[in-house]
Amino acid sequence: MKKQILITAILMSTSLTACSSNPLLEKVTEEINTAVEKAVEVVNDVVPKGIGTKNSDGEEDGSAAEDGDGSENNDAAVKDGASENDKAAKKGASENGDSAEENGGAGNGAAENGNMEESAESGKAAAGRAKTAAKAGRKLLHPVVEEKRFNDYSAVGEVSSGVQLFCTAKSCTVGVREEEYPQLQAALDEYSQSEMSALEGMYHLLSQSGRKDFYAQQSGGEGFSPHSEESTITILLADDRVFSFIKETSSFSGGAHGGETTLGYNYDSQTGEQLGLSAVISDREALYEEIIARLAEDYGDADLFPEYKETVHQQVFDQAAGVGNYSYSLKFVLTHQGMTVYFNPYEIGPWTAGIVKVEIPYDNEKVGFNQKYICTYDTDVHKLNEYKSLSIDIDGDGSLEKVSYGLADKKDVMTFYTLTADGKEMTLDGYYGISVAYVMQGEDGVYFYGECRSDNDYRYLTIVNLESLAEGNGESSIYQSGFYDSVPMEAGNFELHNRTALLSTVPVIRDYRIGAGGMPVPLKEEYRIDRWELTALTDVPTFTGEGFAKKTVIPAGTKVYWVATDSETYGILEDSATGRSYKVFVDESTWPHNIEGKSVEECFDGVLFAG
């Protein structure tokens with residue numbers, strides 16, 4: 001499947017300096033400089049903002065996307081550029097002729113407010129590296145993160161509504177769509193099974209403690225907050241070499257405040273092996289010294305415990321610590337920019353310090369990063385967590401702006417959020433709530449993609465152009481599909497889910513890119529279906545063969561799998577025994593839907609419609 005590449009251009013303009021003693025040379029020089037300036041203006045007018053995308057096989061593709069996706073041809077885009085020349089010049093990105101990518105396009109990754117701010121770039125760590133996975137010869141995977149939740153609601157007389165939430169417990173399973181990485185999938189399955197077992201046990205503990213706390217506080221006339229432990233997963237790298245993610249957990253079981261922890265998980269995508277520190281770096285002593293230096297610079301000794309250096313040393317060298325010979329290792333994760341090390345509250349600093357992060361860029365030669373696991377490309381998709389700000393260049397001028405969103409109000413089932421970009425705000429209608437949000441770089445701007453919940457757990461996207469919002473012109477658009485359990489890793493190829501009711505009511509998946517105006521554009525006409533099983537009750541009229549040009553029937557009694565559809569006129573079925581493909585045309589203009597005048601329920605067993 002081809003995907004459109006959209007690459008912005010940088011025109012390295014050079015001014016000539018005239019010799020004042022030669023009037024003719026001076027005139028010629030002036031004309032050349034004027035021509036160069038006009039050329040810069042032309043390029044900047046025709047080249048849209050954006051970031052390169054790639055083919056699934058890792059090759060570059062400069063043509064428009066095929067398969068009827070309606071995309072425009074962007075042959076005007078100049079290859080191998082990194083940023084627009086006038087934007088870099090406007091912000092003074094390069095005083096000595098360096099490119100905007102090196103000095104203006106990447107930002108400072110240091111958090112200004114502890115863990116409340118995240119950064120889309122990490123300074124010069126990304127400078128000069130390939131912009132896309134395709135250029136780096138890497139294949140991006142399609143991760144899957146599915147949320148599991150337990151809630152303990154019970155009817156109690158002490159509560160005015162008659163129903164009280166005692167506790168909630170939430171965690172996530174992790175996987176990949178690709179079948180060609182069985183060892184990685186097996187490792188992620190093992191992680192997921194462990195998480196679900198722990199979730200169930202935690203739920204029972206929270207239920208007991210929550211009920212005990214509720215009745216104790218009710219008898220004393222005090223307020224009550226449900227006990228909880230909720231974990232979220234953020235995928236940071238998912239390609240054919242490295243699969244890395246962080247698990248962030250917040251908990252409350254009574255007391256003055258809750259707790260929060262962060263854990264990092266890193267896997268070799270080929271072998272499924274969980275990567276320890278020794279697999280990633282070669283010099284632990286150099287890593288220790290680098291961490292200490294960055295802690296002193298970013299936090300200072302006054303904000304950390306007096307013995308924090310000893311604790312860091314114990315973690316870096318896997319030394320015994322604490323009571324009962326308990327040993328633990330350094331918590332880290334691999335990102336697009338380098339290694340991020342985490343220290344949870346009370347490990348090296350007080351609660352007020354929050355989760356302490358240290359970032360070690362890949363270009364740090366002292367620690368000896370394993371070349372196999374170094375990421376050599378950037379990302380155009382950033383997860384945006386509620387109440388946390390993301391620093392990212394949203395207007396292409398080389399400087400970073402802050403983007404954030406948070407709950408604003410709740411009225412009955414309606415939920416409202418405040419979305420902020422560079423200090424400008426707008427209100428979003430999130431219906432039952434925003435389940436996940438991303439900031440994604442499209443072909444003509446940077447966009448907020450918020451997935452909202454609706455009735456029957458239906459999802460839809462609220463899309464906002466962040467540059468327009470920053471200019472005070474914030475407007476949202478709605479797209480009737482959602483991410484559900486899919487995690488976008490690139491703006492040029494991500495999965496969205498919907499539902500169809502052609503032969504049954506089933507979930508469908510299709511691949512998209514961000515098109516003009518930020519709206520998703522399908523890369524193919526057909527949706528994929530997770531092999532919905534049907535059995536022919538009669539000879540079903542259909543088409544088969546090359547291009548589905550041969551008319552035939554699916555014999556009665558044949559078991560088939562529904563694997564694809566355009567969701568409106570036809571379904572693609574596969575014979576479970578022979579693998580032969582069939583194209584069945586369905587008339588959905590009447591109810592029940594029919595195939596050449598016969599209802600689909602008469603044609604197939606296994607048909608199931610919702611509602």
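Preceding block: the structure.
The shown structure was predicted, so the numbers you read here are calculated from the model rather than taken from an experiment.

K.L.:
So what exactly am I meant to see when it comes to the overall build of the protein chain here?
P.N.:
When helices and strands are tallied, the protein chain shows 9 helices and 30 strands. The buried share among the 611 residues of the protein chain stands at 51%. Nonlocal contacts in the protein chain, meaning residues at least 24 apart in sequence, comprise 57% of its contacts between residues at least 6 apart. Total accessible area on the protein chain stands at roughly 28200 Å², and carbon and sulfur atoms take up 47% of it.

K.L.:
Any chance you could explain the sheet that holds strand 6 (residues 259-268) here in plain terms?
P.N.:
Strand-to-strand pairing in sheets goes through backbone hydrogen bonds, with the strands running parallel or antiparallel. Across the sheet, which stays open at both edges, the 5 strands sit in the order 2-3-4-5-6 with mixed pairing between neighbours. The open sheet has two free edges, formed respectively by strand 2 (143-155) and strand 6, since each of these has just one partner strand. Adjacent strand axes in the sheet meet at a mean angle of 15 degrees, parallel and antiparallel pairs treated alike. Alignment of strand 5 (residues 242-252) against strand 6, held across 10 bridges, turns out to be antiparallel. Following the sheet pairing, I246 is matched in strand 6 by G264.

K.L.:
Mind showing me how you'd approach the nonpolar core here?
P.N.:
Soluble, globular proteins show a tendency: their nonpolar side chains are buried together. The biggest cluster of nonpolar side chains holds 93 residues, and the ones touching the most others in it are I291, L295, M339 and F604. With 6 residues, helix 6 (residues 284-298) is the largest single contributor of residues to this core. Residues in contact with I291, not counting those within four places in the same chain, are V312, V316, L330, V341, F343, V358 and I360. Grouped together as the second largest cluster of nonpolar side chains are 22 residues, M426, V446, F448 and L466 included.

K.L.:
Sorry, what's going on with the pattern of salt bridges here?
P.N.:
Applying the stated rule across the entire model yields 26 salt bridges. A salt bridge links E290 to R294; the shortest N-O distance between them is 2.9 Å. Within this pair, E290 and its partner R294 are both found in helix 6, separated by 4 residues, close to a single helical turn. Taking relative accessible area as the criterion, E290 reaches 14% and is therefore assigned buried. Close ionic contact of R528 with E495 constitutes a salt bridge, the shortest N to O distance being 2.9 Å. With R528 in strand 22 (residues 527-536) and E495 in strand 19 (residues 494-501), the pair connects residues that are 33 residues apart, well separated along the chain. The exposure class of R528 is partly exposed, given its relative accessible area of 35%.

K.L.:
Explain helix 7 (residues 308-316) here, please?
P.N.:
Since the α-helix turns once every 3.6 residues, residues separated by three or four places project in the same direction. Among all positions in helix 7, only Y308, T311, V312, Q314, Q315 and V316 are buried. Check the buried side of helix 7 and you find it contacts helix 5 (277-280), helix 6, strand 7 (331-334) and strand 8 (338-343). Count one or two residues on from helix 7 and you reach D318, which has phi positive near 55 degrees.

Quick notes on the rules
Residues numbered from 1 in each chain as written. Predicted model: local features only at pLDDT ≥ 70, side-chain atom pairs only at ≥ 80, totals over all residues. Heavy atoms only, no water. Helix = DSSP H or I, 4+ residues; strand = E, 2+ residues; numbered from the N terminus. Buried < 20%, exposed > 50% of the residue type's maximum accessible area, 1.4 Å probe, protein only. Contact = heavy atoms within 4.5 Å. Areas by Shrake-Rupley, 256 points an atom, 1.4 Å probe, with all protein chains shown as cover. Pairing = 2+ DSSP bridges. Axes fitted to C-alpha atoms, helices over the stretch in contact; angles between N-to-C directions. Core = buried A, V, L, I, M, F, W, Y, C linked by side-chain atoms within 4.5 Å. Salt bridge = Lys/Arg side-chain N within 4 Å of Asp/Glu carboxyl O.

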